[in-house]
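# What the coordinates show
Listed below, chain by chain, are the residues.
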Amino acid sequence: MAEQQEQQGAAAPTPDDALGYEHARDALLEVVRQLENGGTSLEESLALWERGEQLAKVCQRWLDGARARLDAALAAEENGVAGGE
């Protein structure tokens, strides 16, 4: 349900939404490297910053999902439900 609300609150899905965590993280690291190296125009820097923000949101969604799965597994264990055993 939270995922549905998140999708409704967001604008149209971007191609980044299909990225896996590692791919998004690596792309974000590349954006950071480019920004740190400098040598780009203001317009290019702003475009890189915006791209970095998008990639950071993708990474955060993956991490939030992983946290929710861990919390659910821990709660199930506390309630005496064994997962997969």
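Notes on the structure follow.

### Brief notes about helix α3 (residues 42–78)
Counted at 1.5 Å a residue, the expected span for α3 with its 37 residues is 54 Å, and the 53 Å between its end C-alpha atoms agrees. For α3, the set of buried residues is L48, G52, L55, V58 and C59. For α3, the elements touching its buried residues are α2 (21–37). After α3 finishes, the residue G80 shows a positive phi value of roughly 85°.

### Some details on the nonpolar core
Membership of the largest hydrophobic core is limited to eight residues, which are L19, A24, A27, V31, L48, L55, V58 and C59. Counting only elements with at least two residues in this core, the list comes to α2 and α3. Sort the elements by how many residues they give to this core and α3 lands first, with four residues.

### Concerning α2
The periodicity of an α-helix, 3.6 residues per turn, causes residues three or four positions apart to be oriented the same way. For α2, with 17 residues, the first-to-last C-alpha span of 24 Å sits near the 24 Å given by 1.5 Å per residue. All of the buried residues in α2 are A24, A27 and V31. Looking straight down α2, one finds that the buried residues subtend no more than 65° of arc, so they occupy a single side. Residues of α2 that are exposed and point more than 90 degrees away from the buried face comprise E36 and N37. In this structure, the buried side of α2 is in contact with α3. Following α2 by one or two positions, G38 has its phi on the positive side, about 70°.

What counts, and at which threshold
Residue indices follow the written sequence of each chain, beginning from 1 at its first position. Local features in this predicted model are restricted to residues whose pLDDT is 70 or higher, and side-chain atom pairs enter the listing and the counts only when it is 80 or higher, whereas totals over whole chains, interfaces and linings include all residues. Derived side-chain values reflect all non-hydrogen atoms in the structure, with water molecules and hydrogen atoms excluded from consideration. Each helix corresponds to a stretch of at least 4 residues labelled H or I by DSSP, and each strand to a stretch of at least 2 residues labelled E; elements are numbered beginning at the N terminus. The span expected for a helix works out to 1.5 Å for each residue beyond the first. Exposed residues in this analysis have more than 50% of their type's maximum accessible area, buried residues have under 20%, and partly exposed residues fall in between, with area computed by a 1.4 Å probe over protein chains only. Note on contacts: a residue pair qualifies if any of its non-hydrogen atoms lie within 4.5 Å across the two residues. We call a set of buried residues a nonpolar core when its members are Ala, Val, Leu, Ile, Met, Phe, Trp, Tyr or Cys and they connect through side-chain atoms within 4.5 Å of each other. This arc is taken over the directions from the axis of the helix to the C-beta atoms.

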